[in-house]
Amino acid sequence: MNFLLAGKYLVLLIALGSLLTGMIVFITKKPLIINSVFRNLSIVPMLIAAYFATGDEEFIISNIVILFLLIALITIISFAFKGITVLGSRDERLQELTAEFLRKNNAEIEQIPTAIYVKNNHNVWLFSSVAKYGIQSISVKGRESSRVVNALIKELRTNNLQYCSGYMLYTLFTGLVLLALYFVN
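Let me begin by describing the structure that accompanies this report.

Time to look at a nonpolar patch on the surface. Taken together, the side chains of Phe3, Ile66 and Leu70 present a nonpolar region at the surface, about 260 Å² in accessible area. Along the chain, Ile66 turns up in helix 5 (residues 64-80).

Okay, structure coming up:
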């Protein structure tokens, strides 16, 4: 029963996180550019908070191993998927800005419509976008270092990516649906 209570608190925290992210993008009128590893790891504090919010000491003590296993699994999966998430933008220049960044760093690249192949170190940078909702991502397949991904994030933050108001509507809708699920018995 307490797993359901912990799940209910997790839904509440995810709803509030979604609404907060949408409000940040709406207020600043700038997209959030986040390392995908950190975005995926953001669920860990919410998971811990929901687990301890149950207030049942017996449940907490008897299931602490499950919590640690979930945290370990989320951490391993998060570090396996390198990349960048852009929230609140539908800028079509994202792939071109990435290609320009890679060329500045002496990478031999080959571009196709949804990917950039880096010949020097056999990496592929894959681009996906949900323009309607203002969500874009760059996934890095291969042995690219986090240092390069973080340098690209800094570079993208200096360029003014186009703001998308659809992201605010998306987060408002999902946040309100999750809040409604929280209040349903």
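Moving on, there is more to tell.
What follows is about the environment of Ala107. Locating Ala107 in the fold gives a position in the loop between helix 6 (94-104) and strand 3 (109-112). Under the relative-accessibility criterion, Ala107 is labelled buried at 17%. If we skip the residues at most four places from it in the chain, Ala107 touches Leu102, Val118 and Asn120.

With antiparallel pairing, the six strands of this open sheet are ordered in space as 1-2-6-5-4-3. Two strands bound the open sheet, and with one partner strand each, they are strand 1 (32-35) and strand 3. Here the strands of the sheet are splayed against their neighbours by 15° on average, with no regard to which way each runs. The pairing of strand 2 (residues 82-87) with strand 6 (residues 135-141) spans six bridges and is classified as antiparallel.

So, how was this worked out
- Residues numbered from 1 in each chain as written.
- Predicted model: local features only at pLDDT ≥ 70, side-chain atom pairs only at ≥ 80, totals over all residues.
- Heavy atoms only, no water.
- Patch = residues over 30% accessible without salt bridge, like charges linked within 9 Å, V, L, I, M, F, W, Y side chains within 5 Å.
- Areas by Shrake-Rupley, 256 points an atom, 1.4 Å probe, with all protein chains shown as cover.
- Salt bridge = Lys/Arg side-chain N within 4 Å of Asp/Glu carboxyl O.
- Helix = DSSP H or I, 4+ residues; strand = E, 2+ residues; numbered from the N terminus.
- Buried < 20%, exposed > 50% of the residue type's maximum accessible area, 1.4 Å probe, protein only.
- Contact = heavy atoms within 4.5 Å.
- Pairing = 2+ DSSP bridges.
- Axes fitted to C-alpha atoms, helices over the stretch in contact; angles between N-to-C directions.

Geometric values such as these leave the question of function open.
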